[in-house]
Amino acid sequence: AQGAVLYDATHNQFLFSKNADTQYYPASITKLMTALLVAENCNLSDTVTFSQTAVSNLESGAVTLQVKAGDTFTVKDCLYGLLLKSANEVANGLAEHVSGSVSAFADLMNAKAKELGCKNTHFANPHGLNNENHKTTPYDMALILRAAVANDTFRKIDTTTSYQFPAIKNAGAHTITMGHKMMYKTDSRYYEGIIGGKTGYTSKAGNTLVTGAEKNGVRLIAVVMKSKSTHY
């Protein structure tokens, strides 16, 4: 990976860093900030109604749940779709639900980043698809995950490996599964004590990964950005 950190969130100490303050494209690790803001600003039972803008302003090949304009879900369903499936239109729908528009939500993301102590972060959207004005650093992403895993709602959803996503206009209810392979006890990449995290990939970002784990009362957060062969 071109950029990486290992951060001790318990003692507020960076144990390892490589290009920690260099800006990279984050890809879907962006959704950690989106999920945190939604968890802080919404009730899980709130209804999200998807607009045409939310479901259509995405680059080709972007991961989606095939949500269509007019579909409605609870915030809870949307958070599972966001963190497990990494659905990009769901990120847009949540952004519009919280702030009225994607650009207003991006302003909220940037304000929150500053509040958390981020130094070199500028978010332009809630999903992390390629945008030249959408960049962050390994250092800043460690601080974002530190805040996210301190939120009980976030942590519960983000460590769930499968969820029944409800029916929509064009598809029946179906099971979605977590994209982060370190969460699965049956996977060779499983890591004991994992408390949250997110994978990401775009052509420009390469592989990105943020992961938190806790053992013996110590909480560590690892971030890799612009990784070539694998996230893990």
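Before reading on, note that the structure itself is shown above.
Report follows, based on the coordinates. (Residues numbered from 1 in each chain as written. Predicted model: local features only at pLDDT ≥ 70, side-chain atom pairs only at ≥ 80, totals over all residues. Heavy atoms only, no water.)

1. What to know about the packing of aromatic side chains
Link 1 in the chain: Applying the stated criterion to the full structure yields 5 aromatic pairs.
Link 2 in the chain: With a centroid separation of 4.7 Å and 15° between ring planes, the pair formed by phenylalanine 14 and tyrosine 139 is classed as stacked. Of this pair, phenylalanine 14 sits in strand E2 (residues 13-18) while tyrosine 139 sits in helix H6 (residues 138-149), placing them 125 residues apart in sequence.
Link 3 in the chain: Overall, phenylalanine 14 belongs to the partly exposed group, its relative accessible area being 28%. (Phe/Tyr/Trp six-rings, centres within 6.5 Å; stacked < 30°, edge-to-face > 60°. Helix = DSSP H or I, 4+ residues; strand = E, 2+ residues; numbered from the N terminus. Buried < 20%, exposed > 50% of the residue type's maximum accessible area, 1.4 Å probe, protein only.)

2. Here's the deal with the sheet that holds strand E1 (residues 3-8)
Link 1 in the chain: Strand order in the open sheet formed by 5 strands is E2-E1-E9-E8-E7, with antiparallel pairing between adjacent strands. Each having just a single partner strand, E2 and strand E7 (194-202) make up the two edges of the open sheet. The average angle at which neighbouring strand axes cross in this sheet is 5°, direction not considered.
Link 2 in the chain: Where E1 lies against E2, 5 bridges are found, and the strand directions are antiparallel. (Pairing = 2+ DSSP bridges. Axes fitted to C-alpha atoms, helices over the stretch in contact; angles between N-to-C directions.)

3. Quick look at the pairing of E7
Link 1 in the chain: Buried residues dominate E7, accounting for 8 of its 9 residues.
Link 2 in the chain: Counting the residues that bridge the hairpin from E7 to strand E8 (residues 206-215) gives 3 residues.

4. Looking at the packing of helix H1 (residues 31-41) against helix H5 (residues 102-115)
Two quantities define a packed helix pair, namely the angle between the helix axes and the distance between the axes.
Link 1 in the chain: It is at 10 Å that the axes of H1 and H5 come closest, and there the two elements cross at 95°. The orientation of H1 relative to H5 falls into the category roughly perpendicular. Facing H1, whose interface residues are Met33, Thr34, Leu36, Leu37, Glu40 and Asn41, H5 presents Phe105, Leu108, Met109, Lys112 and Ala113.
Link 2 in the chain: Taken together, the residues of the contact of H1 with H5 break down into 7 nonpolar, 2 polar and 2 charged. (Parallel < 35°, antiparallel > 145°, perpendicular 65-115°, else oblique. Contact = heavy atoms within 4.5 Å. Nonpolar A, V, L, I, M, F, W, Y, C, P; charged D, E, K, R; others polar.)

5. Thoughts on the state of the cysteines
Link 1 in the chain: Enumeration over the complete set of coordinates arrives at 0 disulfides.
Link 2 in the chain: This cysteine, cysteine 78, is not joined by any disulfide, and cysteine 42 carries the nearest cysteine sulfur, 9.4 Å off.
Link 3 in the chain: When its relative accessible area of 0% is taken as the criterion, cysteine 78 is described as buried. (Disulfide = S-S within 2.5 Å.)

6. Details of the pattern of salt bridges
Link 1 in the chain: Under the definition given, this model contains 6 salt bridges.
Link 2 in the chain: The salt bridge partner of lysine 112 is glutamate 115, with a shortest N-O separation of 3.2 Å. Of this pair, lysine 112 and glutamate 115 both sit in helix H5, separated by 3 residues, roughly a single helical turn.
Link 3 in the chain: Take lysine 112: its relative accessible area is 10%, and that puts it in the buried class.
Link 4 in the chain: By relative accessible area, which is 59% here, glutamate 115 ends up exposed.
Link 5 in the chain: A salt bridge links arginine 189 to aspartate 187; its shortest N-O distance comes to 2.9 Å.
Link 6 in the chain: Residue classification places arginine 189 among the partly exposed positions, given a relative accessible area of 38%.
Link 7 in the chain: Each member of the salt-bridge network shares a partner with another, and the members are Glu40, Lys112 and Glu115. (Salt bridge = Lys/Arg side-chain N within 4 Å of Asp/Glu carboxyl O.)

7. Thoughts on the nonpolar core
Link 1 in the chain: By size, the foremost hydrophobic cluster in this structure holds 64 residues, and its most contacted members are Phe50 and Val90.
Link 2 in the chain: Looking at this core element by element, the count peaks at 9 residues for H6.
Link 3 in the chain: With near-sequence residues (within four places) excluded, valine 90 lies in contact with Phe50, Leu65, Val67, Cys78 and Leu82. (Core = buried A, V, L, I, M, F, W, Y, C linked by side-chain atoms within 4.5 Å.)

8. Topic: the side chain of serine 227
Link 1 in the chain: Residue position: serine 227 is located in strand E9 (residues 218-227).
Link 2 in the chain: A polar contact of 2.6 Å, which involves the side chain of serine 227, links it to the backbone oxygen of threonine 230.
Link 3 in the chain: The contact partners of serine 227, leaving out residues within four places of it in the chain, are Ala1, Gly206 and Asn207. (Polar contact = N/O pair within 3.5 Å; in protein donor to acceptor, adjacent residues only side chain to side chain.)

9. Some details on H5
Quick reminder: α-helices carry 3.6 residues per turn. Residues three or four places apart thus point the same way.
Link 1 in the chain: The first and last C-alpha atoms of H5 sit 20 Å apart over 14 residues, in line with the 20 Å expected at 1.5 Å per residue.
Link 2 in the chain: Of the surrounding secondary structure, the elements contacted by the buried residues of H5 are H1 and helix H4 (88-99).
Link 3 in the chain: In the stretch just after H5, glycine 117 is the one whose phi turns positive, near 95°. (Expected span 1.5 Å × (residues − 1).)

10. Quick look at the packing of H1 against helix H3 (residues 75-83)
Link 1 in the chain: Contact geometry for H1 and H3: axes closest at 10 Å, N-to-C directions at 165°. Relative to H3, H1 is oriented roughly antiparallel. The handedness of the crossing between H1 and H3 is left-handed. Every residue of H3 that contacts H1 at Lys31, Thr34, Ala35 and Val38 is listed here: Val75, Leu79, Leu82 and Leu83.
Link 2 in the chain: Residue composition of the contact of H1 with H3, grouped by class: 6 nonpolar, 1 polar and 1 charged. (Left-handed = near helix turned anticlockwise from the far one by under 90°.)

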